[in-house]
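Here are the chains, one letter per residue:
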Amino acid sequence: NMGLEGKILDDNVANLSSLKNIMIHSNIFSGTISPQISSLKLLEYLDAKENLFWSTIPDTITSLENMYHLNLAQNYLHGNLPLN
């Protein structure tokens with residue numbers, strides 16, 4: 001735990017279009033996961049477990065065709081993982 005906090009997967013995430021890996025697990029990041037996450041076309045690995053994200057997982061996350069690892073466990077997300 002690095003103790004990092006704030007909002008990180010909000011609408012500004014679209015500005016980070018070259019990201020391939022996001023490893024922000026075990027922190028205090030909060031807020032919702034923006035549908036703009038679909039702008040990260042190169043994203044392969046997202047580990048955001050053990051944070052304070054809430055709401056539902058956006059349907060747009062299924063458009064990330066290069067993603068092979070997704071871990072959103074131990075947050076306050078509800079609903080089902082959208083299936084394409």
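Residues numbered from 1 in each chain as written. Predicted model: local features only at pLDDT ≥ 70, side-chain atom pairs only at ≥ 80, totals over all residues. Heavy atoms only, no water.

### Quick notes on the side chain of serine 38
Piece 1. In this structure, serine 38 sits in the loop between β3 (28-31) and β4 (45-47).
Piece 2. Taking the relative accessible area as the measure of exposure, serine 38 reaches 15% and is therefore buried.
Piece 3. At a separation of 3.2 Å, a polar atom in the side chain of serine 38 contacts the main-chain carbonyl oxygen of proline 35.
Piece 4. Once residues lying within four places of it in the same chain are set aside, the contact partners of serine 38 are Thr60, Ser63 and Leu64. (Helix = DSSP H or I, 4+ residues; strand = E, 2+ residues; numbered from the N terminus. Buried < 20%, exposed > 50% of the residue type's maximum accessible area, 1.4 Å probe, protein only. Polar contact = N/O pair within 3.5 Å; in protein donor to acceptor, adjacent residues only side chain to side chain. Contact = heavy atoms within 4.5 Å.)

### Digging into the sheet that holds strand β6 (residues 69-71)
Piece 1. Spatially, β2-β4-β6 is the arrangement adopted by the three strands of the open sheet, whose pairing is parallel. Because the sheet does not close on itself, it has two edges, and the strands there are β2 (21-23) and β6. Strand after strand, the sheet turns through a mean of 15° between neighbouring axes, direction not considered.
Piece 2. The pairing of β4 with β6 spans three bridges and is classified as parallel. The residue bridging aspartate 47 from the neighbouring strand is asparagine 71, located in β6. (Pairing = 2+ DSSP bridges. Axes fitted to C-alpha atoms, helices over the stretch in contact; angles between N-to-C directions.)

### Considerations on the nonpolar core
Piece 1. The biggest cluster of nonpolar side chains holds 17 residues, and the ones touching the most others in it are Leu9, Ile22, Ile24, Ile37, Leu43, Leu46 and Phe53.
Piece 2. In contact with leucine 9, not counting residues within four places along its chain, are Ile22, Ile24, Thr32, Ile33, Ser34 and Phe53. (Core = buried A, V, L, I, M, F, W, Y, C linked by side-chain atoms within 4.5 Å.)

### Let's talk about unusual backbone geometry
Piece 1. For serine 26, which is not a glycine, the phi torsion comes out positive at approximately 60°.
Piece 2. Along the chain, the position of serine 26 falls in the loop between β2 and β3.
Piece 3. Of note in this structure, glutamate 50 is not a glycine but carries a positive phi near 55°.
Piece 4. Judged by relative accessible area, which is 34%, glutamate 50 ranks as partly exposed.

### Some points on the sheet that holds strand β7 (residues 76-78)
Piece 1. An order of β1-β3-β5-β7 is seen for the four strands of this open sheet, with the pairing classed as parallel. Of all the strands in the sheet, the pair left with one neighbour each is β1 (5-7) and β7. Each strand axis lies, on average, 20° off the axis of its neighbour in the sheet, ignoring direction.

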